[in-house]
Amino acid sequence: IASFSGDFDGGGHAVENLLVSEGTERAGFFGRLQGIDAAADSAADAVSVHDFGVASGSVTGLHTVGGITGDMMRLQGKAAVRVERCWNAASVTGTGANSKSETMAGGIVGYALGTVSNCYNTGSVSAAARYAGGIAGSTTGVSSYTRVESCYNTGSVTASSLAGAINGWHRNSTSPTTNCYYLDNGLPAFGTDGESGQATKLTSDQLKSWAVPYALNNSHFGTEGMTWTLDGENTNGGYPVFGASLRG
């Protein structure tokens, strides 16, 4: 889907064997989530993708490449853009290294100008040039337009420079990241501004404990009706998953 404006409710379902192979920018299940002409606070006109996953496959593009969406563009004076309760297990590859210096590849979104909340990535992410992240390849420097919150990543992340287990390019003062977690694989949480933002490095055993869904649920138990619960059925390698009521 090259460009999408509206509300996409995945109903807890996931697509398998996704194959996106583009020789252009903005590659993902959605190429772009685009804010439409509306007041910034108009909930009725907000653009959102929620309760949806990519269970397997590969996504390849030049720049702004993500498992769920290549980029999300909330422009000034436009409706808000959100990605919520989404997950990705496909490999994400940004191949662009010549025409632009910033590849921006992310497990969930390549370039985030909006809110990414309650999402997780287990797929590998790689960028031929700069900026790769387990959740977002790059957030924005535009103040108050972007948040990454209550997300985790277990996938590998590589780039020629500036790779982060959560975000590649990151400036917490304008695009804060809060309550996020990542598997210790030798990477910092953020490729830039690495000392700021709330992202906690954990071992595999720690990520598979009840403490993580409890924390992701903002210190509530991960029971029925909560966003996060423990993977008791081992459908996600033992790592946290969404509650049964959200998985469909």
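Draft legend 1. Layout of the overall build of the protein chain. Per the secondary structure count, the protein chain includes 3 helices and 25 strands. With 248 residues in all, the protein chain has 54% of them scored as buried. By sequence separation, contacts in the protein chain at least 24 residues apart represent 74% of the contacts at least 6 residues apart. Carbon and sulfur atoms make up 48% of the accessible area of the protein chain, which amounts to about 9,700 Å² in all.

Draft legend 2. Highlighting the nonpolar core. Core analysis: the largest hydrophobic core is formed by 42 residues, its most contacted members being L33, I68, M72, V83 and V116. Mapped onto this core, the elements with two or more residues apiece are β3 (18-21), β4 (30-34), β5 (47-54), β9 (81-88), β12 (109-113), β15 (125-133), β19 (157-164) and β22 (180-183). Take this core: its biggest share by element is 4 residues, from β5. The next biggest cluster of nonpolar side chains, apart from the first, holds 14 residues, and it includes Y120, V212, W228 and F242.

Parameters and conventions
- Residues numbered from 1 in each chain as written.
- Predicted model: local features only at pLDDT ≥ 70, side-chain atom pairs only at ≥ 80, totals over all residues.
- Heavy atoms only, no water.
- Helix = DSSP H or I, 4+ residues; strand = E, 2+ residues; numbered from the N terminus.
- Buried < 20%, exposed > 50% of the residue type's maximum accessible area, 1.4 Å probe, protein only.
- Contact = heavy atoms within 4.5 Å.
- Areas by Shrake-Rupley, 256 points an atom, 1.4 Å probe, with all protein chains shown as cover.
- Core = buried A, V, L, I, M, F, W, Y, C linked by side-chain atoms within 4.5 Å.

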